[in-house]
Every structure is written in structure tokens, then in C-alpha cells.
Amino acid sequence: MRELERCMIYILFFKLTDLSPLGCLPYLLALNASNNLLRSVLDFKAPLCLREANFSNNRITAINPLAAHRFLEELNLSGNKIRLISGVRDNVALRKLIL
């Protein structure tokens, strides 16, 4: 059961539009939700340990404040039509932002 406590999830090419169920995974370390139909991301209850997130090639136009995701170190948003990103300055752990 220890292996499931800290996990990485790869959900590519599933035509997903919502990630809210991921809020129930408090030890999610990495998430790759690229190539879906997401319009917004990081608006779900923040997993405690999320370090890497890949939301490339979706339909995202804005990013909610990143403060709730205080351990997020790498965020990939390439291939989206982002017009607004807020709260980046509040996330001191963020080391890599790919647009």
C-alpha cells in the first residue's frame, strides 16, 4: 500500500474536461494531463505534494492563482492559448514554467 501513497498519474489523450476528482489524491507528486480538452487547470483542491504538472496541448486560456500549489516546481502549459496567469510570484517553489 505504501507505493500508492505517493503517485504519478499520466492521463494523456483522454479528452478530459475536468480534473476535480484528483483533489482526493493528497500525495500526488506528478501529473501529466497533456493533450486533453481542459479549459482550466489547478482549480481543484491542491494535492499536498504536487511537484510537476504537464497541461500542454489543451484549451487553457487562463491559470488560477498558484498559491494553493505551493510545492509545484515545474509547470508545462505549452500549446495552449494562455492570456492570463496569476499568482506565479506567490509560488516560491516554481522553478520551471513552460509556455
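The structure under discussion appears in the preceding block.
Quick look at the structure, then. (Residues numbered from 1 in each chain as written. Predicted model: local features only at pLDDT ≥ 70, side-chain atom pairs only at ≥ 80, totals over all residues. Heavy atoms only, no water.)

## Notes on the sheet that holds strand β3 (residues 52-54)
The condition that has to hold: DSSP calls a pair of strands paired once it identifies at least 2 bridges connecting them. In this text, helices come from DSSP runs of H or I with a minimum length of four residues, and strands from runs of E with a minimum of two, each type numbered from the N-terminal end. Only C-alpha atoms enter the line fits that serve as axes; for helices the fit covers just the stretch in contact. Angles between N-to-C directions range over 0 to 180 degrees.
Spatial strand order, β1-β2-β3-β5-β7: five strands in an open sheet with parallel pairing. The open sheet has two edge strands with one neighbour each: β1 (7-10) and β7 (96-98). With direction set aside, neighbouring strand axes in the sheet form an average angle of 10°. The pairing of β1 with strand β2 (residues 28-32) spans four bridges and is classified as parallel. Within β2, the position partnered with Met8 by the bridge is Ala30.

## Quick word on unusual backbone geometry
Most peptide bonds adopt trans geometry, and most residues besides glycine take a negative phi value. Let me state the cut-off plainly: Only protein chains enter the area calculation, which uses a 1.4 Å probe; residues under 20% of their type maximum are buried, those over 50% are exposed, and those in between are partly exposed.
The phi angle at Phe13 is positive, at roughly 60°, despite the residue not being glycine. Here Phe13 shows up in the loop between β1 and β2. Positive phi is not limited to glycine here, since Asn57 has a value of about 55°. On the secondary structure map, Asn57 appears in the loop between β3 and β4 (62-63). Residue Asn57 is classed as partly exposed on the basis of its relative accessible area, which comes to 37%.

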